[in-house]
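Coordinate inspection notes
The lines below spell out each chain.
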Amino acid sequence: QYVSNTIIDIATRVTNEFVFSTEPSAPECPFKFLTPKEIKLICNQTTQLVSNDDMVCKIELPVKIFGDIHGQLNDLHELFFAFSGPHEAGDIRLNSYVFLGDFVDRGAYSIEVTLVLFSLKILYPKRIFLIRGNHEDREIQAAYGFKNDCLSRFENQTIGAELWEIFNQTFDCLPIAALISNVVFCVHGGIGRSLVSIAEINSIKRPIVNPRASELVTDLLWSDPAIDNKYGISENPRGLNTIQYGPDKVAEFCQLNNIQLIIRGHQCVPNGYEFFADGKLMTIFSATNYCGQCRNDGAIAQIDSTAKVFVKVVRCRQATTDQVTWTNTVNASPTKPNPRQTN
């Protein structure tokens, strides 16, 4: 698909400024790095690109998989520099990249993170895959920060409201899942209560303006592995008609779909990664010290061409007083992570 040089230039400026410089500039408040017109161009082009991806993106190994980022630009930058990143001096010609949603909310730099990921999709459309999370949802953003970021950080609230809606029009068209070399299934939340075949997901129509209007989409974006390894389907403490799935359901799903592993995000886990169902499911969470409270590490999963999984971890560090990256928003108390695993 043809992408104009103007849009390529804007996307390159974004990545150079906020990710690939040795010391990226501190995000501005108010946001002035791009004009509203340039942001609209980035969003509209990204909408076209992600709409061309299947609802279940088909991706070949090798691949890197990122969990929730939640507006943590510093963590994204550190992960790219610690383990090589998606640029010409990095490993973009060798690896595809999958981002499992929850790009926004809670963190202070959701606008920058979103623009970086959209820009990477524009620069490398066949290597970068953006999967929708439960926070790519207008109602959730109204409570957890991204809407307020847009209203407060742009020139005025009218422009901010317009740009917030344009960001969400792109989110409405994001794929829901990815299948990697037919052996690894990736999704933000999980398999839920009703999904039998991965192919069912491709029947979901875009745009998805209200994700929670569909039980299947709700399950894919919101469900969790069961606390204490409880079997079957059970009520999720999150509420909102969400459920938990047991290790038996994971094993059954993997067998029916002939896959080896499910990788999902959605939950803060102390080590940045956590296994479930005898290693058939892995949770990945890439933002460190969630909400400035959880002291968790951040991680990504790297899968090589033989389908061997390597976990890459960045350790939680105590932020200084001038490095506040988590916002204090209404309803911001995080879901408590599970106890830290020792393996």
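Below is a short write-up of the structure. (Residues numbered from 1 in each chain as written. Predicted model: local features only at pLDDT ≥ 70, side-chain atom pairs only at ≥ 80, totals over all residues. Heavy atoms only, no water.)

Further remarks concern the sheet that holds strand S2 (residues 63-66). Reading across from one edge, S4-S3-S2-S13-S14 is the order of the 5 strands in this open sheet, with mixed pairing throughout. What marks the edges here is a single partner per strand, and that holds for strand S4 (128-130) and strand S14 (309-314). Across the sheet, the mean angle from the axis of one strand to that of its neighbour is 20 degrees, orientation sign disregarded. Inspection of the sheet shows strand S13 (residues 298-303) paired to S14 by 6 bridges, in the antiparallel sense. For Ala299, the partnering residue across the bridge sits in S14 and is Val313. In the packing of helix H4 (residues 110-123) onto the sheet, contacts are made with strand S3 (96-99) and S4, and the angle to S4 comes to roughly 135 degrees. (Pairing = 2+ DSSP bridges. Helix = DSSP H or I, 4+ residues; strand = E, 2+ residues; numbered from the N terminus. Axes fitted to C-alpha atoms, helices over the stretch in contact; angles between N-to-C directions. Contact = heavy atoms within 4.5 Å.)

With that out of the way, let us pick up the environment of Phe129. Along the chain, the position of Phe129 falls in strand S4. Judged by its relative accessible area of 7%, Phe129 falls in the buried class. It is 30 Å that separates the C-alpha atoms of Phe129 and Pro237, two residues lying 108 residues apart in sequence. Beyond its immediate chain neighbours, meaning those up to four positions away, Phe129 contacts Asp53, Cys57, Ile59, Ser96, Tyr97, Val98, Phe99 and Lys121. (Buried < 20%, exposed > 50% of the residue type's maximum accessible area, 1.4 Å probe, protein only.)

Our next topic: the pairing of S13. In terms of burial, S13 is largely enclosed, as 6 of its 6 residues are buried. Side-chain alternation along S13 places Gly298, Ile300 and Gln302 on one buried face and Ala299, Ala301 and Ile303 on a second face that is also buried. Across 4 bridges, the pairing between S2 and S13 is antiparallel. Each bridged residue has a counterpart across the sheet, and for Lys64 the counterpart in S13 is Gln302. Following S13, the chain reverses through 5 residues before pairing antiparallel with S14; Ala307 in that reversal takes a positive phi of roughly 75 degrees.

So, on to the packing of helix H2 (residues 36-52) against H4. Between H2 and H4, whose axes approach to 9 Å, the crossing angle comes to 55 degrees. Classed by the angle they form, the pair H2 and H4 counts as oblique. For the pair H2 and H4, the crossing hand works out as left-handed. Between H2, through Ile39, Ile42, Cys43, Gln45, Thr46, Leu49 and Val50, and H4, the contact on the second element is made entirely by Leu115, Phe118, Ser119, Lys121 and Ile122. Each residue belonging to the contact of H2 with H4 can be placed in one class, and the counts come to 8 nonpolar, 3 polar and 1 charged. (Parallel < 35°, antiparallel > 145°, perpendicular 65-115°, else oblique. Left-handed = near helix turned anticlockwise from the far one by under 90°. Nonpolar A, V, L, I, M, F, W, Y, C, P; charged D, E, K, R; others polar.)

A few words now on unusual backbone geometry. Apart from glycine, the bulk of residues carry a negative phi angle, and the bulk of peptide bonds sit in the trans form. Cis geometry marks the peptide bond from Leu61 to Pro62, where omega comes out at 0 degrees. On the secondary structure map, Pro62 appears in the loop between strand S1 (56-59) and S2. In the segment running from Arg206 into Pro207, the intervening peptide bond is cis, with an omega of 0 degrees. For Pro207, the position within the fold is in the loop between strand S6 (184-187) and helix H8 (215-222).

Next up on the list: the sheet that holds strand S8 (residues 233-235). Read from one edge of the open sheet, 3 strands run S7-S9-S8, paired in mixed fashion. Where the open sheet ends on each side, the last strands, each with one partner, are strand S7 (224-225) and S8. Pairing between S7 and strand S9 (residues 243-245): 2 bridges, direction parallel. Along S9, the bridge assignment pairs Pro225 with Tyr245.

Working definition: the covalent bond between the sulfur atoms of two cysteines is a disulfide. In the structure shown here, the tally under the stated rule is 0 disulfides. You can see Cys43 has no disulfide; the closest cysteine sulfur is in Cys150, sitting 9.1 Å from it. Since its relative accessible area comes to 0%, Cys43 is described here as buried. Cys294 supplies the cysteine sulfur nearest to Cys316, a cysteine that is in no disulfide, at a spacing of 9.4 Å. The class for Cys316 is buried, based on a relative accessible area of 14%. (Disulfide = S-S within 2.5 Å.)

Attention now moves to the environment of Val196. Position of Val196 among the secondary structure elements: in the loop between S6 and H8. Taking C-alpha positions, Val196 is 7.7 Å from Leu256, a pair spaced 60 residues apart along the chain. If we ignore the near neighbours within four places in the chain, the residues touching Val196 are Phe253, Leu256 and Asn257.

Right, let's talk about the nonpolar core for a bit. Side chains of a nonpolar character, in soluble globular proteins, are inclined to be buried together. With 52 residues, the main nonpolar core has Ile39, Phe80, Phe99, Phe103, Leu115, Leu117 and Phe167 as its most contacted residues. Every element with two or more residues in this core is listed here: helix H1 (5-18), H2, helix H3 (73-82), S3, H4, S4, helix H6 (146-153) and helix H7 (157-171). A per-element tally of this core places H4 first, with 8 residues. Within the second largest apolar cluster, 29 residues are counted, among which are Val187, Ile198, Ile201 and Ile204. (Core = buried A, V, L, I, M, F, W, Y, C linked by side-chain atoms within 4.5 Å.)

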